[in-house]
Amino acid sequence: MSQVDFFPIRLKQGDALLVVDIQNDFLPGGALEVADGDKIVPVVNAYIERFMRSHLPVFATRDWHPSHHGSFADQDGPWPVHCVADSKGAEFAPGLVLPETVPIVSKGDTAEAEGYSAFENPEFERRLNNASIQRLFVCGIATDYCVLQTVRDALKLGYRVFLLQDALAAANVYPQDGLEAERMMADKGARLITLDELA
């Protein structure tokens, strides 16, 4: 085990925070609400503040769907209409403190694009490469869909991934989906941590 694997985890150059899809439609009362999606917002804000204070990059993804997106039920997809581009539901949660300097990565912005993984937008990987990112710290909604697919892709591409367990919310279409997704990500090599484990 290398020195970097011991607690506490010290943030360093080459690290970036990724905030996944903390949008109104995924919060309680939204079109595709995720239970307790609103409760992770203060913890996510604490991570954002920690990274900004360390002068390390923060990225945020958003679903940004056309009104006829293929995932919508009226297009024979599995989900209700949600996060339509420029709609209120697609806006970030009002309590989320995203500095204006944070790059926004839109995904699922054509009818055919699934939009689960941040890496479906090639601009995201380009930005990571330009910033010489090696370690990604990932939080957001939903653990069992967009977070899972993003983390899988990040690991395939060779990034070291830290999954911020206290800043996740799962859709849980089936009750254990979120926990199962965490297990799958850990099995693939993601490290599950919480805020108090950052130096």
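Residues numbered from 1 in each chain as written. Predicted model: local features only at pLDDT ≥ 70, side-chain atom pairs only at ≥ 80, totals over all residues. Heavy atoms only, no water.

### Here we look at the overall build of the protein chain
The test is simple: Numbering goes from the N terminus for both helices and strands, where a helix is a DSSP run of H or I of at least four residues and a strand is a run of E of at least two. In this treatment the radius of gyration is a C-alpha quantity, and the globule benchmark scales as 2.2 Å times the residue count to the 0.38 power.
When helices and strands are tallied, the protein chain shows 4 helices and 6 strands. Of the regular secondary structure in the protein chain, the N- to C-terminal order runs β-α-β-β-α-β-α-β-α-β. The C-alpha atoms of the protein chain give a radius of gyration of 16 Å, which matches the 16 Å a tight globule of 199 residues would have. Dimensions along the principal axes, computed over C-alpha positions, put the protein chain at roughly 50 × 35 × 30 Å.

### A short note on unusual backbone geometry
Following isoleucine 141, the chain continues to alanine 142 via a peptide bond in cis, the omega torsion being -10 degrees. The backbone of aspartate 21 shows a phi angle near 55 degrees, a positive value even though the residue is not glycine. Turning to its location among the elements, aspartate 21 is positioned in the loop between β1 (15-20) and α1 (41-53). In this structure, aspartate 76 is a non-glycine residue whose phi angle is positive, near 70 degrees.

### Some words on the pattern of salt bridges
Put simply, the rule reads: Any carboxyl oxygen of Asp or Glu that lies within 4 Å of a side-chain nitrogen of Lys or Arg is treated as forming a salt bridge with it. The rule is simple: take the accessible area with a 1.4 Å probe, protein chains only, and divide by the maximum for that residue type; under 20% is buried, over 50% is exposed, in between is partly exposed.
In total, this model carries 10 salt bridges according to the counting rule given. Across the salt bridge formed by arginine 53 and glutamate 49, the nearest N and O atoms sit 2.8 Å from each other. Of this pair, arginine 53 and glutamate 49 both sit in helix α1, 4 residues apart, roughly one helical turn. On the basis of relative accessible area, arginine 53 is assigned to the exposed category, the value being 51%. We classify glutamate 49 as partly exposed; its relative accessible area is 39%. What you see here is one network of salt bridges that share partners, running through Asp21, Asp63 and Lys107.

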